[in-house]
Amino acid sequence: MQEQEGVIKFRFDHQNQPIDQVISLSSLNAWRSILFKLGLIGRDPARYGGLGYGNISLKPDLNSNAFMISGTQTGHIAELSREHYCKVWNTDIERYFLQSKGLSKPSSEAITHACVYSQDASIRSVIHIHSPEIWQKTAELALPHTPADAAYGTPQMARAVAELFQSGRLDDRQIFSMLGHQDGIVAFGDSIEHAAWLLIKALGDALRIEDTIDKQ
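We now turn to the structure provided with this report. (Residues numbered from 1 in each chain as written. Predicted model: local features only at pLDDT ≥ 70, side-chain atom pairs only at ≥ 80, totals over all residues. Heavy atoms only, no water.)

As for the packing of aromatic side chains
Geometrically, a pair of aromatic rings is defined through the distance of the ring centres and the angle of the planes. Applying the stated rule across the entire model yields four aromatic pairs. Residues Phe67 and Tyr117 carry aromatic rings whose centres are separated by 5.0 Å and whose planes lie at 35° to one another, so their mutual orientation is tilted. Pair noted here: Phe67 is in strand β5 (residues 67-70) and Tyr117 is in helix α2 (residues 110-119), with a separation of 50 residues, a long-range link. The ring centre of Tyr53 lies 4.8 Å from the NZ or CZ of Arg47, which sits over that ring. Against the face of Phe97 rests Arg95, its NZ or CZ located 5.0 Å from the ring centre. (Phe/Tyr/Trp six-rings, centres within 6.5 Å; stacked < 30°, edge-to-face > 60°. Helix = DSSP H or I, 4+ residues; strand = E, 2+ residues; numbered from the N terminus. Lys NZ or Arg CZ within 6 Å of the ring centre and 35° of its normal.)

Dropping the structure here:
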């Protein structure tokens, strides 16, 4: 049985209130729009039961653990507004619980984002996309990856992400494949631009491999 995409599996306390206007979402929204146009975030009636996929987050202040993330089931919206984001301001990964605020509830992968942020204080952005081209070329691209038995949005996935960091496999490559989450790829970095370009480069490399195979 195929897992249902986009379902929130963690416990959370959400305040249905607008995000503070002082928090800028311009770069976050711009890159989200680019990834939507590339089909790396979105919604496809033929995939994942027609539910939205992909999410993007940004930590505005390195002195705080809070981060802004696109809301659950916003994948079908081409241009997001402020109301489509939420602020995750407290996370307890061990209890699989978070607290958030906004007019949208947090993405189903918010705990995974929080786990990545917790590994390195210099990380400013985390992006989770769906790309069959990259995911199916995990081995050829030598991508670090979480195990196939670690499903999205579960404690197992959070532990698998932490183990990837602890293994050192992400020291030089700030991108990994989620083998237990169909087509799931995550990139992170000290800026949202850095994380996004890692994904775009990986897509280009995957397409180049496909082209080479097709011509053999």
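Focus: the packing of α2 against helix α4 (residues 155-167)
Between α2 and α4, the least distance of the axes is 9 Å, while the angle of their chain directions is 25°. Taken as axis vectors, α2 and α4 run roughly parallel relative to one another. Here α2 and α4 pass one another in a crossing that is right-handed. In this structure, α2 uses Ile111, Thr112, Cys115, Val116 and Gln119 to contact α4, whose residues at the interface are Met157, Ala158, Val161, Ala162 and Phe165. Counted by class, the contact of α2 with α4 contains eight nonpolar, two polar and no charged residues. (Axes fitted to C-alpha atoms, helices over the stretch in contact; angles between N-to-C directions. Parallel < 35°, antiparallel > 145°, perpendicular 65-115°, else oblique. Left-handed = near helix turned anticlockwise from the far one by under 90°. Contact = heavy atoms within 4.5 Å. Nonpolar A, V, L, I, M, F, W, Y, C, P; charged D, E, K, R; others polar.)

Observations regarding the environment of Ser64
The residue Ser64 is located in the loop between β4 (55-58) and β5 in this model. For Ser64 and Ala121, which are 57 residues apart along the polypeptide, the C-alpha to C-alpha distance reads 9.5 Å.

Side note on the nonpolar core
With 29 residues, the main nonpolar core has Leu28, Ile56, Ile127, Ile129 and Ile134 as its most contacted residues. Those elements giving two or more residues to this core turn out to be α1 (26-37), β4, β8 (125-130), β11 (184-189) and α5 (192-214). For this core, the element with the highest residue contribution is α5, accounting for eight residues. Leaving out residues up to four positions away in the same chain, Leu28 has contacts with Ile56, Ser57, Leu58, Met68, Tyr85 and Ile192. The next biggest cluster of nonpolar side chains, apart from the first, holds 28 residues, and it includes Ile69, Ile111, Val116 and Leu164. (Core = buried A, V, L, I, M, F, W, Y, C linked by side-chain atoms within 4.5 Å. Buried < 20%, exposed > 50% of the residue type's maximum accessible area, 1.4 Å probe, protein only.)

Considerations on α1
Compared with the 16 Å implied by 1.5 Å per residue over twelve residues, the 17 Å span of α1 between its first and last C-alpha is a close match. Residues of α1 that are buried include every one of Leu28, Asn29, Trp31, Arg32, Ser33 and Leu35, and no others. Within two residues after α1, Gly39 carries a phi angle of roughly 80°, on the positive side. (Expected span 1.5 Å × (residues − 1).)

Topic: the pairing of β4
It is a general feature of regular strands that their side chains alternate between the two faces of the sheet. Alternating positions in β4 separate into two faces, Asn55 and Ser57 on one and Ile56 and Leu58 on the other, with burial throughout. Of the strand pairs in this sheet, β4 and β8 are connected by four bridges, and their pairing is antiparallel. Its bridge partner lying in β8, Ile56 is registered against Ile127. Here two bridges tie β4 to β5, and the two strands are oriented antiparallel to one another. Directly across from Leu58, in β5, lies its bridge partner Met68. (Pairing = 2+ DSSP bridges.)

Let's talk about the side chain of Lys137
Locating Lys137 in the fold gives a position in the loop between α3 (132-135) and β9 (145-146). If we skip the residues at most four places from it in the chain, Lys137 touches Ala206, Ile209, Glu210 and Ile213.

As for α2
For α2, the buried fraction is high: eight of the ten residues fall into the buried class. Here α2 has its buried residues at Ala110, Ile111, Thr112, His113, Ala114, Cys115, Val116 and Tyr117.

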